[in-house]
Each structure stands twice: as C-alpha cells, then as structure tokens.
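Structure at a glance
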Amino acid sequence: MKVIHLISGGDVGGAKTHVLSLLQGLSRSHTVLLVCFMEGEFARDARAMGINTRIIKSRNVLADCRTIADTVRKEGYQIIHCHGSRANMMGALIKRRVNVPVVTTVHSDYRLDYLGRPLHRVTYGTINAVALRFLDYYIGVSEAISGLLIRRGFDAQRMFTIYNGVDFSSPRQIVPREQYLDSLGLSYTPESVIFGIAARISPVKDMGTLVRAFAETVRAFPTVRLIIAGDGEQRQEIEALAKELCPPGTVCFAGWVDDTDSFYNAIDVNMLTSVSEGFPYALPEGARMHCATIASRVGGIPYLIDDEVNGLLFQPQDVDALAERMQRLASDGELRERLSRKLFEKTRDQFSLEATLRHQEEIYASVLRRTARKDRRRDGVLICGAYGKRNAGDDAILRSIVSQLRGIDPDLPIYALSRHPRETQLSFRIGSCHSFNVPRYRRIMRRTKLYISGGGTLIQNSTSVRSLLYYLSNISSAHAAGEHVMMYGCGVGPVNGRFSRALAARTINRCVDTITLRDQESADELRRMGVTRSDIHLTADPALLLRAPDPETVTAALYRYGIVPGQRYVMFALRPWHGLDAHMADFAAAANYVLSKGCTPVLFALEPKRDAPVGAALAAMLDGPCLQISADMDAGTVVALTARMEAVVSVRLHALIFAAGQEVPLAGVVYDPKVSGFLDYIGQKNYVNLEDLTAEGLISMLDVALSGASVDPRTIGRMRALAEKNTEYARKALEE
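All figures in this text were calculated on a predicted structure; none of them were measured in a lab.

Helix and strand counts for the chain stand at 29 helices and 27 strands. Its C-alpha radius of gyration of 29 Å places the chain within 12% of the 27 Å reference for a compact globule of 736 residues. The buried share of the chain, reckoned over its 736 residues, is 58%. Put simply, 71% of the contacts in the chain that link residues at least 6 apart link residues at least 24 apart.

Here it is as structure tokens:
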C-alpha cells in the first residue's frame, strides 16, 4: 500500500506524536511519504525516526498542488492522507487533479482550533471548514469528534474513528522521580501528592479552572503540588493567577517538556481540564506511566476514562467538582493506585500503538475497497422500519440488522428511513433520510440493491391504518424501483378489515421476494390473510443477537443510572394501552412485593416519551424507593441493564426479547397477540393477558421468575441460531 501524508510541519503536542508514531509504524510494511510545507522540528524528528520526508515550501499554492499531484501519479500513491487546515486545503485542490481518494484525520473541533487567535480563526479556520467539505473520507480521533462532524452534516458512511495509540514496547530512559522534581526546583516532601498537566497553555485547555481548584486543594492539603508543563499564549495570565491564589512554591511552570516519560513518572495524578478535545494523547501517555487521572468529560475522554472505575471525570469549568476530586485523590493513596492500575490495563489492551496501526491499515483497506466499488450501478441496502422514534426496542432491532449486514460486507452502503435522520446517522454510522422524504428515499431505492422491511411488527393496523398503508406503499415502490424486497425477521398482524387484509396479501404476494418471520403466529397470520408464497422462513427476532458490553464498561455506565453492584433489581416495563389504567394497582402491588423481597423496582421507559408518564404514575403508588430510568442510552447499555435484573415484568415486547436474549427470568403481560406469539415461540408460559391480570396472579408469576426459572439457555441458543438465518437470506439476496 502506498500512502502520501500532507501536513503543515508546524504541529506540536498530541497531533505531532500521533502522526509521527503512526507513520513510523506504517513505514515498516507500507510505502509512506510525508510531505511538510515547512522545514522545522516536525520534519527533523520525522527523518530521525526513519520516515521518508520531503519539504515543499514554494509558497505558491497552485505550484505546490501540481508538484504533489505529479508525485502521486508518477510514484503510484493510492491514498492522499491530510492532517490539519493547510493540508486539507491542498487535498481539496489536488483531488481535482488525481483519481485517488483523499482522506483527512480530524484531530480536534476545527471551529475551536484557533480559539483566542481571531485573525487565524477567520482565515485558516474558514479555509479549513470549507476544504473539509470537499474531501472523500474522514477519520475522527475519537467517537466524539466523528459524531461532531456528522452533526454538522458530514456523511456518516464516509466516517471512520481511530484512537491515538501509545507505544508500550519502546524502551524508556526515565529520570528518577526525586531527581526530576529537583531539576524543576520544586519544593516537596516525601508525602507530597504531585498533580501535573502537560498541554498547551491556551483557552481551550482552561488551566484557569485547574489553578482555582488546586488553590482549594492546597488549602486542605498543604503538601500537594502542581506542575504545569507547556507553553502558550495564556502562560503569563495563568502564572499570575497561580501567584495570586496559591501559596508560594506550590505551583511549578516547567515549560515545554521533551522527556514526557520522566514527567509522567514524577507525578501522581495526571490532569486535563479542557473545554474541548478530540482524543488527548496526554491521557494514554500518563496511563502508560501508571498515573491516576482526573479529566473533563469532553470529546473522546469518556471512551478512555470510565468514571469511578479507572479515573475521575468532571464537567468542564466546574471548579468545585474538580477540587472535590483532587482532594479525594490527595487523601486516598489506595484509590490512586486502583484507578491508575485499571487505566493502565485498559490503555494497554485497547489503546496501544499496535492496535492503532492495525486499525489505520483496516481504514486504508476499506477506503480502497469502497473506491473500487463506486462504479457499481446498484449497491447497498435500504432499511425501512419504525426507526428514529426514540424507541429503544426498535433502535435495538436496527442495530442488530446493521451489525448482521456489516458481517456480510463491512463496506456495504446502508441507509435507513428515520423520523430523526441525524440521530440515526450518529447512532449507527449509516446513511439516513426522513421517513416522509419521498423523493429522496425513492432516489435511494433506485441505486440500492436490497430493500429490507423489518424490525418489529410493521404489517399490522391495530395501531393505525395509515401505518399499514405506508409500509405497503414503500414495499411496492421498492419493488417497482428494481430492488430485491425482503421482510426481515419481522412480526405480522393483526391486520383487521377485509380491505386491509386483501391489500396486504396482494402487495406481499406481488412485491416481496424473501420473507423471514420471528414467530409461528406471524406465519399463520400471513396464511390466513391469503399470502400464498411458499418461501416463508421461520427465523427469530434480530434483537436476540445483541450482547451486553464488557462488565467494567457496563458497571460504569449503569452506575450513572443508579444501578450499583451488589443490589438486586426487578424491571417493570409498561406502556400506555387501553385498559392498562384499570390494572395500575395490580402492578403497584407486584412492585411493592418486589420491595418486600429486598429488590428495587426499576421502572423502565423503553419509549421514553410515551412510557415515562406511566412509570411516574406507578412510582407514586409505591411504598418504597424505585428507579425511574428512560432508555436514552445505546442498545448495548439497554441490554446490559436488562442483564442486571433478577427478573423482568413487561408489557413491552422488546423488554421481554431483551430479557430472553440475556436469559433473565421474565413475566409477560400480553396486550397484543405478538407478545404471546413470541413467548409461545420460545416455550415461555409465564404470562397473562392484560384483561385477565390480577395482583395475585402477577405476584405468583413474579415468584416463578424470582425462583430462577429463566428461559432455557438451549432454547435461546436455538433462537439465536435462527436469528442468524436472517443474515443468510439477506446475503443470498445481495449475491443475486
């Protein structure tokens, strides 16, 4: 693989370290050329690391573009990779001259890159913002940066994410702690806890908040010390603030530090107080040296720091919160040791330089594959379902379908119709358009190969006849556009009324090429409606394939919702439905029974806007504490929350599906045949019809669930295998 990298050559800090480490690693197995637009320390360090480096500094932009374009053509470079505003401008201009993809790594929020420098912000910042729009692919240095770009209208399907990696294998010559501190002229004692930050002293790093919080900390713990390593336009201002607020000799300004290993070895707590970040290199560098860490909850930082698990987070500019965390670590050596050990382990396993190199190679390979398939007349999948309504059940189905399609082809273009397209793009990294933007999604139909009508029960009219007509109309349009139409692991029914049933049967018979259903009742309903196709396949709900994230990440995520280790919880997932109000006292009796058993009721709003008021009404009827949680979280966290339950009592079908998938005992309340259809399909009889519900009956069902009578793991294993069959049928459709 041959890649040419463009960069101004004046970069410092984390961006410099990331680029040079990446290029040095890539150079071992690929042809890499680094082009800088100025001579300086960056280029000299690159050469010293063995990176093939050239300088182009004619100051004639068009001439430089011609030189780079000639180099790309003559030497056969396959990818142009840009870093920073000047490189992005050059890449946008060169793109017109060469037929290779242009990629850029976005290291930070480009709108804040020149914070505090208004002239540069107007000139370089504006040029960069415009140039970015003309490039082919984008690499954010954290999920936060990638998400920021998508929110600003960049294509989610041309977005990648990579995290700065730290080299754990390189030998280090470390100056002993005492010797290093003495070299700075810092007065300290053996008991001193040393806080440190290595960053540019600029407004975006907000060191004023750090100094103010340290001033509170040193009043409570006089032996603590703070080292600020770095330089920048705010240095004099921050020095004056430290002199005003902090006792003499407690704050040291060390200037730029080249020997970062010795710096991080000398401090006990690594600090970062930024108001904006991509993925700061300072945190994994400190983690490698076993520093405990306190950082602001911005950008990509929460992807590395799990609050209270391997570090402490605070909201940016919150001086009191930062001071409280600094004082905790100043007083608790065991906490510092535990946090530093956990962060070291996570950084070593997930944020090593080797992992970053592998991921960068995968990104390049994907870019080349995607470039090669641009000329295909038809490519990709359009998914239609009840998405973007902020219903965690439907969103979980979409996540599972997207995951299965990515398993077929990781570069497959995927689009979904959604009520909130931008949210769908952010959550799933796919293309999306509004469910009622008919001209646009019909254009997508004409260029995609497979149309999936799936996720939940779409072919029904118990909630709305308009809904049935919408989904049938789209099936017909997809068929007319030449797509292969597939009903994907879905439910069917009830469809009421002679006209609706006849229309549904006629549309499915004429327009649908492949049908996979999640339960037997749906297959029976299709037959009763008059669907005569023989290729109806019984599979299972795609959401059964969702798995919870790793335990430590889950613990940190659930802690924010009040779910703490060692406590026992029972979930109640209700939804508004005619007749439910008459049985609220029955649910309250069951929840109070749960309290008497030493469990905390979790009133879970799977579709927050609709379900939360029902949960609030139930909470008001309880005799003890409960947790009211809305599903404003990703599907993995929803599954993880469900997995922490002792039992799940649910009216919502997908809460039951999540429980079954995680082998959590359940008790179902049936408001619609689709609920009993699913439970019968998995051999689960612990359910009751809503109209027959009584407090005694529900408590009896709870006793069965709390006794540990979960769904048979062998049954769930078979269901998961059936859910995988959906993928096989989709693969066949795409291969035709």
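Attention shifts here to the sheet that holds strand S13 (residues 312–314). Pairing between the strands of a sheet is mediated by backbone hydrogen bonds and can be parallel or antiparallel. Across the sheet, which stays open at both edges, the six strands sit in the order S10-S9-S8-S11-S12-S13 with parallel pairing between neighbours. Since the sheet does not close on itself, it has two edges, and those belong to strand S10 (251–255) and S13, each with one partner. With strand direction ignored, the average angle separating the axes of adjacent strands in the sheet is 20 degrees. Pairing of strand S9 (residues 225–229) with S10 involves four bridges; the strand directions are parallel. Considered in S10, the bridge of Leu-226 is made with Val-251. Packing of helix H9 (residues 235–245) onto the sheet brings it into contact with S9 and S10, and relative to S10 it is tilted by some 160 degrees. In this fold helix H13 (residues 319–331) packs onto strand S8 (194–198), strand S11 (269–272), strand S12 (292–296) and S13, with an angle of close to 165 degrees to the strand it touches most, S13.

This structure, assessed with the given rule, holds 11 aromatic pairs. Taken together, a centroid distance of 5.0 Å and an interplanar angle of 75 degrees make the contact between Tyr-138 and Phe-154 edge-to-face. Here Phe-154 lies in the loop between helix H6 (143–151) and strand S7 (159–161) and Tyr-138 lies in strand S6 (residues 137–140), a separation of 16 residues in the sequence. Phe-154 carries the same exposure label as Tyr-138, and that label is buried. Taken together, Tyr-163, Phe-279, Tyr-303 and Phe-351 form an aromatic cluster joined through their ring pairs.

Within soluble globular proteins, side chains that are nonpolar generally end up buried alongside one another. Ile-383 and Phe-572 are the most contacted members of the largest nonpolar core, which has 96 residues in total. Apart from residues lying up to four places away in sequence, Ile-383 is in contact with Leu-398, Ile-401, Val-402, Leu-405, Ile-414, Tyr-415, Ala-416, Leu-417 and Ile-452. Counting 84 residues, the second-largest nonpolar core is a separate cluster that includes Phe-37, Ile-56, Cys-65 and Val-102.

What follows concerns the sheet that holds strand S26 (residues 666–670). Here six strands make up an open sheet; going across it, the order is S24-S23-S22-S25-S26-S27 and the pairing parallel. In this open sheet, the two edge strands, each paired with only one partner strand, are strand S24 (627–630) and strand S27 (687–689). The average undirected angle you get between the axes of adjacent strands in this sheet is 20 degrees. Taken together, the four bridges between strand S23 (residues 600–605) and S24 define a ladder with parallel strand orientation. If you follow Val-602 over to S24, its bridge partner there is Leu-627. Against the sheet, helix H23 (residues 584–596) makes contact with strand S22 (569–573), S23 and S26, and its axis sits at roughly 170 degrees relative to S22, the strand it touches most.

Moving on to the confidence of the model for the chain. Averaged over all residues, the pLDDT of the chain is 92; the fraction at 70 or higher stands at 99%. Taken element by element, the chain is modelled with least confidence in helix H22 (residues 551–559), mean pLDDT 73, and with most confidence in S11, mean pLDDT 98.

Summed over all chains, the structure comprises 41 salt bridges. Across the pair Asp-109 and Arg-152 runs a salt bridge whose closest N-O atoms are separated by 2.9 Å. One end of the pair, Asp-109, is in the loop between strand S5 (102–106) and helix H5 (118–132); the other, Arg-152, is in the loop between H6 and S7, with 43 residues separating them in the sequence. Summarising the burial analysis for this pair, Asp-109 and Arg-152 share the class buried. Glu-646 is the partner of Arg-568 in a salt bridge, and the nearest nitrogen-oxygen pair spans 3.9 Å. Residue Arg-568 is found in the loop between H22 and S22, and its partner Glu-646 is found in the loop between helix H25 (635–643) and strand S25 (647–650); the two are separated by 78 residues along the sequence. Linked through salt bridges whose partners overlap, the residues forming this network are Glu-308, Glu-324, Arg-325 and Arg-328.

With that out of the way, let us pick up unusual backbone geometry. Here Gly-493 and Pro-494 are connected by a cis peptide whose omega angle stands at 0 degrees. Assignment of secondary structure puts Pro-494 in the loop between strand S19 (484–492) and helix H20 (498–511). At His-290, a residue that is not glycine, the phi angle is positive and equals roughly 65 degrees. Here His-290 is to be found in the loop between helix H11 (282–288) and S12. We classify His-290 as partly exposed; its relative accessible area is 44%. Backbone geometry places Gln-317, a non-glycine residue, at a positive phi of 70 degrees.

Our next topic: the pairing of S5. Within S5, five of the five residues are buried, leaving the element largely enclosed by the surrounding structure. Here S5 shows no split at all, with Val-102, Thr-104 and Val-106 on one side and Val-103 and Thr-105 on the other all buried. Summarising the sheet, strand S4 (residues 79–83) and S5 pair through four bridges and their orientation is parallel. Its bridge partner being in S5, Cys-82 is matched across the sheet by Thr-104. At this point the chain moves from S4, through helix H4 (residues 85–94), to the parallel S5, and the crossover so formed is right-handed. Across four bridges, S5 lies against S6 in parallel orientation.

Quick notes on the rules
- Residues numbered from 1 in each chain as written.
- Predicted model: local features only at pLDDT ≥ 70, side-chain atom pairs only at ≥ 80, totals over all residues.
- Heavy atoms only, no water.
- Helix = DSSP H or I, 4+ residues; strand = E, 2+ residues; numbered from the N terminus.
- Rg over C-alpha atoms; globule rule 2.2 N^0.38 Å.
- Buried < 20%, exposed > 50% of the residue type's maximum accessible area, 1.4 Å probe, protein only.
- Contact = heavy atoms within 4.5 Å.
- Pairing = 2+ DSSP bridges.
- Axes fitted to C-alpha atoms, helices over the stretch in contact; angles between N-to-C directions.
- Phe/Tyr/Trp six-rings, centres within 6.5 Å; stacked < 30°, edge-to-face > 60°.
- Core = buried A, V, L, I, M, F, W, Y, C linked by side-chain atoms within 4.5 Å.
- pLDDT = per-residue confidence, 0-100.
- Salt bridge = Lys/Arg side-chain N within 4 Å of Asp/Glu carboxyl O.
- Right-handed = clockwise from strand over helix to strand, strands pointing away.

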